[in-house]
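For reference, the chains in residue letters:
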Amino acid sequence: MTAVIDGKAVARRVRARVAAEVAAAFPDPATAPGLATVLVGDDPASAVYVANKRRAVREAGMRDLHRSLPADVTQSQVAAVIDELVADPGVSGILLQLPLPPGLDPAALIDRIPAGKDVDGLTTHSTGLLARGEPGLRPCTPSGVIELLEAEGVKIRGAHAVIVGRSTLVGHPMAELLLQHDATVTVAHRHTADLAALTRTADILVVAAGVRGMIGAEHVKPGATVIDVGIHRTEDGLAGDVRTAEVDGIAARVTPVPGGVGPMTIAMLMVNTLRAAQR
Ligand code: NAD
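Since this is a predicted model, take the numbers as computed values, not measurements.

Draft legend 1. Seen up close, the side chain of T234. Among the secondary structure elements, T234 is positioned in strand β10 (residues 232-234). Here D236 takes part through its backbone nitrogen, which lies 3.1 Å from a polar atom of the side chain of T234. When sequence neighbours within four positions are dropped, the list of residues in contact with T234 reads R212 and A239.

If you want it as structure tokens, here you go:
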């Protein structure tokens, strides 16, 4: 039988741990860690993501310092808002919600956030700290995957981990984190030859390609742990990159979509906001 990893339950535990730590370390709510989410424009999916993040912040006893900007804002106006949040000692963490409306350069704006407030872990500086294995805030989705693997007692050290996808947001930092946990890591991407032959060698298979249902029975080694990062909105609700029903009986464990990696991303954002405030 394949165990279905309950990401919601693990995320709940992580968030409860953060809330308890916030209550103990910041008895005065006025000085509790503060997260400034910055939402530019009115993309409906982004609005939902930001609303969920803000709710989680408040539930953890932290301060919600959200900023909304209109879609026709200029690069320098967004830069000015970020600079103001950077200078404000009451702001522990800054998260610029992506994607931005056309015409704005996300990389240049993200890089205005200093590593200490970079709760998304996506600036050039944070990426460098991760690559060098130095302390810093790590991207939330890959660190959520590590937290899930550890919560499930999956042995990472010495395991062969294959990651499908090499994005800045997920695949690349995922490879760095698994390496730092002593896995042997292979990164696959859209030019990888014979993907199934490669993924069948994985003890831990992390799929973050953004291609609905691309991974099935033929890609999975018996006893593997399969982590599905993909999220796709379909008529029947959310779906992932893995054909979960097909890997049942082959994989030892699999994350569902929804209810797997997704909830962990927000939980790790709460961890990062607390850590940013404690620095
Ligand atoms: P992306 O498009 O930036 O990167 C996709 C990567 O997959 C690329 O490196 C590409 O080379 C690779 N790829 C694409 N097609 C492939 C194929 N057929 N075979 C092998 N490799 C292939 O996407 P991303 O931002 O990394 O996101 C990936 C998925 O994860 C998306 O579905 C996204 O919605 C989801 N996501 C989920 C969370 C979460 O919280 N669960 C967070 C971020 C992203």
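There is more to say, and it comes next.
Draft legend 2. Quick peek at the environment of M174. Tracing the sequence through the fold places M174 in helix α7 (residues 171-180). By relative accessible area, M174 is classed as buried at 0%. Along the primary structure M174 and C140 are separated by 34 residues, whereas in three dimensions their C-alpha atoms are 10.0 Å apart. Not counting residues within four places of it along the chain, the set of residues in contact with M174 comprises P142, V145, I146, I163 and V206.

Draft legend 3. Layout of the site of the ligand. In the neighbourhood of the ligand, 21 residues make up the surrounding shell, with R166, S167, H189, V229 and T265 lying closest. R166 is positioned such that a nitrogen or oxygen atom in its backbone is 2.8 Å from an oxygen atom of the ligand. Within the backbone of H189, an N or O atom sits 3.5 Å from a nitrogen atom of the ligand. Burial of the ligand by the surrounding chains reaches 74%, relative to a free accessible area of 850 Å². Among the elements that make up the shell around the ligand, the one with the highest residue count is helix α10 (residues 261-278) (3 residues). Considered class by class, the residues forming the shell around the ligand number 10 nonpolar, 9 polar and 2 charged.

Draft legend 4. Region of the structure containing the layout of surface pockets. Of the voids in this model, the second largest pocket is the one considered here, and its volume is about 190 Å³. What lines the second largest pocket is simply R17, G136, L137, R138, S143, M268, V271, N272, R275 and R279. Per-element tally for the lining of the second largest pocket: the top contributor is α10, with 4 residues. In terms of residue class, the lining of the second largest pocket is built from 3 nonpolar, 3 polar and 4 charged.

Draft legend 5. The pattern of salt bridges, seen in detail. Applying the stated criterion to the full structure yields 12 salt bridges. Here E134 ties to R132 by a salt bridge, and the two come within 2.9 Å at their closest N and O atoms. Classification of R132 by relative accessible area gives exposed; the value is 65%. Linked through salt bridges whose partners overlap, the residues forming this network are R54, R58 and D64.

Draft legend 6. Looking closely at the sheet that holds strand β8 (residues 204-207). With parallel pairing, the 6 strands of this open sheet are ordered in space as β1-β12-β9-β8-β6-β7. Both edges of this open sheet fall to β1 (3-4) and β7 (184-188), since each of them pairs with a single strand only. Pairing between strand β6 (residues 160-164) and β8: 4 bridges, direction parallel. Each residue of the ladder has a partner; that of I163, found in β8, is V206.

Draft legend 7. Expanded view of the nonpolar core. Ranked by internal contacts, the top residues of the largest apolar core, which has 48 residues, are L178 and V206. Breaking this core down by element, the ones donating at least two residues are α1 (7-25), α2 (44-59), α6 (140-151), β6, α7, β8 and α10. When residues in this core are grouped by element, the largest group, 10 residues, is from α10. With sequence-adjacent residues up to four places away left out, L178 is seen in contact with I146, L149, I156, A161, I163, A183, V185 and V206. Core analysis: the next-biggest nonpolar cluster, separate from the first, contains 18 residues, L69, V78, I110 and I113 among them.

Draft legend 8. Broad picture of the packing of α6 against α10. It is at 8 Å that the axes of α6 and α10 come closest, and there the two elements cross at 105 degrees. Between α6 and α10, the crossing angle belongs to the class labelled roughly perpendicular. For the pair formed by α6 and α10, the contact residues are C140, T141, S143, G144, V145, E147 and L148 on the first element and V261, M264, T265, M268, L269 and N272 on the second. Of the residues assigned to the contact of α6 with α10, the class counts are 7 nonpolar, 5 polar and 1 charged.

Rules of the game
Residues numbered from 1 in each chain as written. Predicted model: local features only at pLDDT ≥ 70, side-chain atom pairs only at ≥ 80, totals over all residues. Heavy atoms only, no water. Helix = DSSP H or I, 4+ residues; strand = E, 2+ residues; numbered from the N terminus. Polar contact = N/O pair within 3.5 Å; in protein donor to acceptor, adjacent residues only side chain to side chain. Contact = heavy atoms within 4.5 Å. Buried < 20%, exposed > 50% of the residue type's maximum accessible area, 1.4 Å probe, protein only. Near = heavy atom within 4 Å. Areas by Shrake-Rupley, 256 points an atom, 1.4 Å probe, with all protein chains shown as cover. Nonpolar A, V, L, I, M, F, W, Y, C, P; charged D, E, K, R; others polar. 1 Å grid on protein atoms, 1.4 Å probe; cavity = no way out; pocket = protein on both sides within 12 Å on 5 of 7 lines; lining within 4 Å. Points joined across faces, edges and corners; volume = space filled by probe spheres on them. Salt bridge = Lys/Arg side-chain N within 4 Å of Asp/Glu carboxyl O. Pairing = 2+ DSSP bridges. Core = buried A, V, L, I, M, F, W, Y, C linked by side-chain atoms within 4.5 Å. Axes fitted to C-alpha atoms, helices over the stretch in contact; angles between N-to-C directions. Parallel < 35°, antiparallel > 145°, perpendicular 65-115°, else oblique.

Structural measurements only, silent on function.
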